[in-house]
Amino acid sequence: MISRFLPMCALFGALLLAPFTARAEGADPKKAEAAQRFDRGLQLFDDGDNAGALAEFKKTYELFPNPIVLYNIGLVYAAMGRPVNAVDALEPVVSGGSLTGEKLERAKRTLEDQKARIGRLTVTTKPEGARIEIDNVEVAKTPLTGPLRVAEGNHIVGAIAEGYAPARKEVVVAGNSDATVSLELVETQGKQLANLTVKSQTRGADVVVDGQATGKTPLSTSITLVAGHHKVELKRSGYVSETREVDVGEGATGELSFNLAVDQAALGTEGATLAIESDEHGLDVSVDGEHKGIYQGAMRLPKGPHHLSIAAAGFYPVDRDVDLESGKPNVVHMELEPTPETRADYESSAYFHRTWGWIGI
């Protein structure tokens, strides 16, 4: 899964880099920075760092709005499994007539594929006027003017209103289909709402509050709940589940931190192998915030999402999100960027050897 999109990246990079950078040559500093960030985005995407590539392309588009950059943004969103964002980026590119030939055909194919991965979700609440959350992110307020567009798959739909206990349901939405969720909120009998922040280095873990699924880590926002005593469980396949209890006062924000331990006995069935490839040696590796030390070879980890941090002397550290699949090779290609000091030492050494080579001749 990690290397699934690398061939695509190599292709669109080769196709699009030349015209974009050509326009930036001799331009003002803002366009020069845009070209540099565009190149950096291509490299990051080619290395499998989708989040980093997206950040660079977005900044590029902010500096120099260009359909080629927007096209790349759409492709990155597609690679990240975010079809709604991908469609929003690709539709104006396809309809604007700015792309031609193979690039236009690729944009059309990707657009149609991403549209097929979007479902339509209708949410109703009693009472109306409740804030609607999808996967713990507020997106609308009832009554809705139309169905919500969501990516196919599992989602936690929540409704929050003052004076009522939040209501949540888990729903499965299929691509290019309709789903409906009705949420009935219960009055809190005078109790105010509170918030709970749940933090964990473990990614993709289910957060269960009082027996009700509320989302997956990392949660982008705090969880809204009724003030009082709550039981919070964090669980994910391949890890030992952990349960905590917490009291949160009215109008207050509580916080819980979890650090799930790997279930070594489960790695046989719930594990996957991760290998790192790099031209540099002495890579210092951390996985999900846990320091693993100098990389010696392939590692066995629970399947699913992980966050890698790679460091090496004389190079900038690199962070990478990966999603490991069991029974398949999971290879991360890391290209580290040297620090200015390392680059200067290399150039000085090269100049020294070149000079003495000519003297010898």
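Below, the structure is looked at part by part. What you see is a predicted model, and the numbers here were worked out from it, not measured in a lab. (Residues numbered from 1 in each chain as written. Predicted model: local features only at pLDDT ≥ 70, side-chain atom pairs only at ≥ 80, totals over all residues. Heavy atoms only, no water.)

Some thoughts on the overall build of the chain
- A count of helical and extended segments in the chain gives eight helices and 23 strands.
- Residue pairs in contact within the chain that sit at least 24 positions apart in sequence constitute 58% of those at least 6 positions apart.
- Surface exposure of the chain reaches about 18,700 Å², of which carbon and sulfur atoms provide 50%. (Helix = DSSP H or I, 4+ residues; strand = E, 2+ residues; numbered from the N terminus. Contact = heavy atoms within 4.5 Å. Areas by Shrake-Rupley, 256 points an atom, 1.4 Å probe, with all protein chains shown as cover.)

A closer look at the layout of surface pockets
- A volume near 180 Å³ is recorded for the second largest pocket.
- Lining of the second largest pocket is provided by 15 residues; of these, Asn259, Leu260, Val287, Asp288 and Glu290 occupy positions nearest its centre.
- Taken together, the residues of the lining of the second largest pocket sort by class into seven nonpolar, five polar and three charged. (1 Å grid on protein atoms, 1.4 Å probe; cavity = no way out; pocket = protein on both sides within 12 Å on 5 of 7 lines; lining within 4 Å. Points joined across faces, edges and corners; volume = space filled by probe spheres on them. Nonpolar A, V, L, I, M, F, W, Y, C, P; charged D, E, K, R; others polar.)

Focus: helix H3 (residues 50-63)
- In a regular helix each residue adds 1.5 Å, so 14 residues correspond to 20 Å; H3 covers 20 Å between its end C-alpha atoms and thus fits that length.
- Buried within H3 we find Asn50, Gly52, Ala53, Leu54, Glu56, Phe57, Thr60 and Leu63. (Expected span 1.5 Å × (residues − 1). Buried < 20%, exposed > 50% of the residue type's maximum accessible area, 1.4 Å probe, protein only.)

Considering the environment of Asp323
- Counting through the fold element by element, Asp323 comes out in strand S22 (residues 318-324).
- The spacing of Asp323 and His306 is 17 residues in sequence and 6.2 Å in space, taken between C-alpha atoms.

Re the sheet that holds strand S17 (residues 271-278)
- With respect to topology, three strands assemble into an open sheet ordered S20-S17-S23, the strand pairing being mixed. One side of each edge strand has no neighbouring strand; the edge strands of this open sheet are strand S20 (299-302) and strand S23 (330-334). Taken over all neighbouring pairs, the strand axes of this sheet differ in orientation by 35° on average, direction set aside.
- As paired elements, S17 and S20 share four bridges and run antiparallel to each other. (Pairing = 2+ DSSP bridges. Axes fitted to C-alpha atoms, helices over the stretch in contact; angles between N-to-C directions.)

Let's talk about helix H2 (residues 29-46)
- For H2, with 18 residues, the first-to-last C-alpha span of 26 Å sits near the 26 Å given by 1.5 Å per residue.
- A positive phi of about 95° marks Gly48, the residue just after H2.

Things to note about empty space enclosed by the protein
- All told, the structure shown has one cavity of 30 Å³ or more when counted by the stated rule.
- Size it by volume and the largest cavity reaches roughly 40 Å³.
- Residue assignment for the lining of the largest cavity shows that the elements contributing at least two residues are H2 and S22.
- Take the lining of the largest cavity: its biggest share by element is three residues, from H2.
- The residue makeup of the lining of the largest cavity, split by class, is two nonpolar, one polar and four charged.

Side note on the packing of helix H4 (residues 67-79) against helix H5 (residues 83-95)
- At a closest axis distance of 8 Å, the pairing of H4 and H5 adopts a crossing angle of 150°. What the angle tells us is that H4 and H5 run roughly antiparallel. The element H4 and its partner H5 pack so that their crossing is left-handed. Facing Pro67, Leu70, Tyr71, Ile73, Gly74, Tyr77 and Ala78 of H4, the residues of H5 in contact are Asn85, Ala86, Ala89, Leu90, Pro92 and Val93. (Parallel < 35°, antiparallel > 145°, perpendicular 65-115°, else oblique. Left-handed = near helix turned anticlockwise from the far one by under 90°.)

With respect to the side chain of Thr202
- Its place among the elements puts Thr202 in the loop between strand S10 (193-200) and strand S11 (206-209).
- Excluding its chain neighbours within four sequence positions, the residues that come into contact with Thr202 are Thr217, Arg236, Tyr239 and Leu260.

Points about the packing of H3 against H4
- As a packed pair, H3 and H4 sit with axes 9 Å apart at the nearest point and diverge in direction by 155°. Put simply, H3 runs roughly antiparallel to H4. Seen from above, H3 lies across H4 with left-handed handedness. Counting all contacts with H3, which are made through Asn50, Leu54, Phe57, Lys58, Thr60 and Tyr61, the residues of H4 involved are Val69, Leu70, Asn72, Ile73, Val76, Tyr77 and Ala79.
- For the contact of H3 with H4, the per-class residue count stands at nine nonpolar, three polar and one charged.

Focus: unusual backbone geometry
- Between Thr142 and Pro143 the backbone carries a cis peptide bond, its omega angle lying at 5°.
- Summarising the element assignment, Pro143 is placed in the loop between strand S3 (137-141) and strand S4 (148-151).
- Residue Pro218 follows Thr217 across a cis peptide bond; omega there is -5°.
- Structurally, Pro218 can be placed in the loop between strand S12 (212-216) and strand S13 (223-226).
- Non-glycine residue Asn136 carries a positive phi angle of around 70°.
- Located in the positive-phi region is Asp210, a residue other than glycine, with phi close to 55°.

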